[in-house]
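Geometric and topological summary
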Amino acid sequence: MRQLDALNYYTATRKYHLEFPRLGENIDADVVVVGGGFSGINTSLELAEKGVTDIVVLEARHLGYGGTGRNGGQVMAGIGHDLELVRKHVGEAGLETLFGVANLGAGIIRERIEKYAIDADFRSGYGYLAFNQRQRKTLEGWAAEFQRIAPEDHIELVTGSAVRDVVGSEAYCAAIKHMGGGHVHSLNLLLGEAKALVGLGGRIFENSPAVRVEYGPDHVVVHTHEGSVRARKLLWACNGFLEGLEPDIWGKTINTYAFQVATEPLPEEVILQISPIRGAYSDIRPVIDYYRVTNENRLLFGAATDFVEYVPKDLFVWNRARMLRIFPYLSDVKVDMAWGGPLCCSVNLFPQIGTLPQRPHVFYVQGYAGFGVTPSHIVCKVLAEGMSEGSARYDLMSSIPHASVVGKEALRVPLLTAGKTWHQLSGFFAGRR
């Protein structure tokens, strides 16, 4: 898996060079958070803005080591892959609440950037793309729903030759141009949020992995190699990097993998050919291609395997071939960086939040299934409500059952291959293939 940890675009272009100490003593806090990605930092910042400032974040490596520093940077509508999958658990009224919550993410990110003057290269402009007429019909329904929920955003369905005004590819027959969405440098966003958290009184420790947790009736003690944190509340926010530390939630998800490349900087005219709106894009298949252009005029292109779960031997070659299916005119373009990482998936592909059984002071969040940048900002706002004053929408989201993944380690590859195959087949009948 060494190639997955290779230098990527985000670490190569970070603007905040923050360093935090290793925990080397025994300390107290109101809240201890295990995990220094979007989930841990966002929830901590939401709590700090509510006045809960005695927070300690423990990160096993460095902030953003996990999915936050490896993703596509897409700022898109939605909170899970398909809200219909949770309809039976939340009912019609609950589903309407989730539809409303699902559109909050881009606004939260914009407000956060403005409030704390975070330099994260945010740009507006998103394209949802259809390869065929079945998918076009699906986009028609999406466009109507987007326009109903966010009438203030510029949202337009285009077809035929007009698609080339949204994205420079002959592969698509229809597109939704959604100017309420966009893209962001996710690592710089995280680091700016971490800086804001520290400014409000939060404490962050890097290279401080949790190795053992003692659960008391009204407190926890999280031990690292060289210290400990005693706190009234704990948040597990490790997502795909939990590695069995908390069995009650570790068995509820499974990791698949996605892979990305970043091209060399391209001439402005090529960038505008690829992306007339200088935006971010994804198709609507069950396993998507996703890509965007950056401020430095690179194309970032990401994908996962369609049916069979495996890690390609050469990410440069594999991802470049995927990219050229969409943009064949980039055949002479050099790829500078390639990397990958795990996507933590729940069975229903919906994020999981809640508390451990019989431990109402121990919270968790995980399972974004590859859609973490925007949904993490939504989910963590709701989670912070649950960790502080409580809210109806926290009660709703935490009430959704979380199925166990039996054999998630020994049978990971066949389970994911079967899951992807089923997801693709059901996607055909749902108008997404």
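Residues numbered from 1 in each chain as written. Predicted model: local features only at pLDDT ≥ 70, side-chain atom pairs only at ≥ 80, totals over all residues. Heavy atoms only, no water.

1. Concerning the overall build of the chain
Of the regular secondary structure elements, the chain holds 12 helices and 17 strands. Relative to the 2.2 N^0.38 estimate, which gives 22 Å for 433 residues, the radius of gyration of the chain is 21 Å and therefore close to what a compact globule would have. When its C-alpha atoms are laid out on the principal axes, the chain stretches across 65 × 45 × 45 Å. Sequence-distant contacts, at least 24 apart, represent 76% of the contacts inside the chain between residues at least 6 apart. In the form shown here, the chain has an accessible surface area of approximately 17,200 Å², with 54% of it arising from carbon and sulfur atoms. For the chain, the separation between the mean place of its 43 positive charges and that of its 47 negative charges on side chains is 4 Å. (Helix = DSSP H or I, 4+ residues; strand = E, 2+ residues; numbered from the N terminus. Rg over C-alpha atoms; globule rule 2.2 N^0.38 Å. Contact = heavy atoms within 4.5 Å. Areas by Shrake-Rupley, 256 points an atom, 1.4 Å probe, with all protein chains shown as cover. Lys, Arg positive; Asp, Glu negative; His and termini not counted. Charge placed at Lys NZ, Arg CZ, Asp CG, Glu CD.)

2. A word on the side chain of E385
Structurally, the position occupied by E385 is in helix α10 (residues 373-387). Contact partners of E385, with chain neighbours within four places excluded, come to K50, G390, S391 and R393.

3. Digging into unusual backbone geometry
A positive phi is found at A117, a non-glycine position, where the angle reads about 50°. By the secondary structure assignment, A117 is in the loop between α4 (105-116) and β4 (123-130). A117 sits in the exposed class, given a relative accessible area of 64%. One non-glycine residue, D121, lies in the positive phi region at around 55°. Tracing the backbone through its elements, the reader meets D121 in the loop between α4 and β4. You can call D121 buried: its relative accessible area is 12%. (Buried < 20%, exposed > 50% of the residue type's maximum accessible area, 1.4 Å probe, protein only.)

4. Brief notes about the layout of surface pockets
Taken as a whole, the second largest pocket holds about 220 Å³ of empty space. Around the second largest pocket sit 19 residues that line it, and N103, L104, G105, A106 and G107 are the ones nearest its centre. Put simply, the parts of the chain that give the lining of the second largest pocket at least two residues each are α4, β6 (174-183) and α10. Classifying every residue of the lining of the second largest pocket by side-chain character gives 7 nonpolar, 7 polar and 5 charged. (1 Å grid on protein atoms, 1.4 Å probe; cavity = no way out; pocket = protein on both sides within 12 Å on 5 of 7 lines; lining within 4 Å. Points joined across faces, edges and corners; volume = space filled by probe spheres on them. Nonpolar A, V, L, I, M, F, W, Y, C, P; charged D, E, K, R; others polar.)

5. Let's talk about a nonpolar patch on the surface
On the surface, F307, V308 and Y310 cluster together to form a nonpolar patch covering roughly 270 Å² of accessible area. Relative to the helices and strands, Y310 is located in the loop between β14 (299-303) and α9 (315-326). Note on Y310: relative accessible area 39%, which makes it partly exposed. (Patch = residues over 30% accessible without salt bridge, like charges linked within 9 Å, V, L, I, M, F, W, Y side chains within 5 Å. Salt bridge = Lys/Arg side-chain N within 4 Å of Asp/Glu carboxyl O.)

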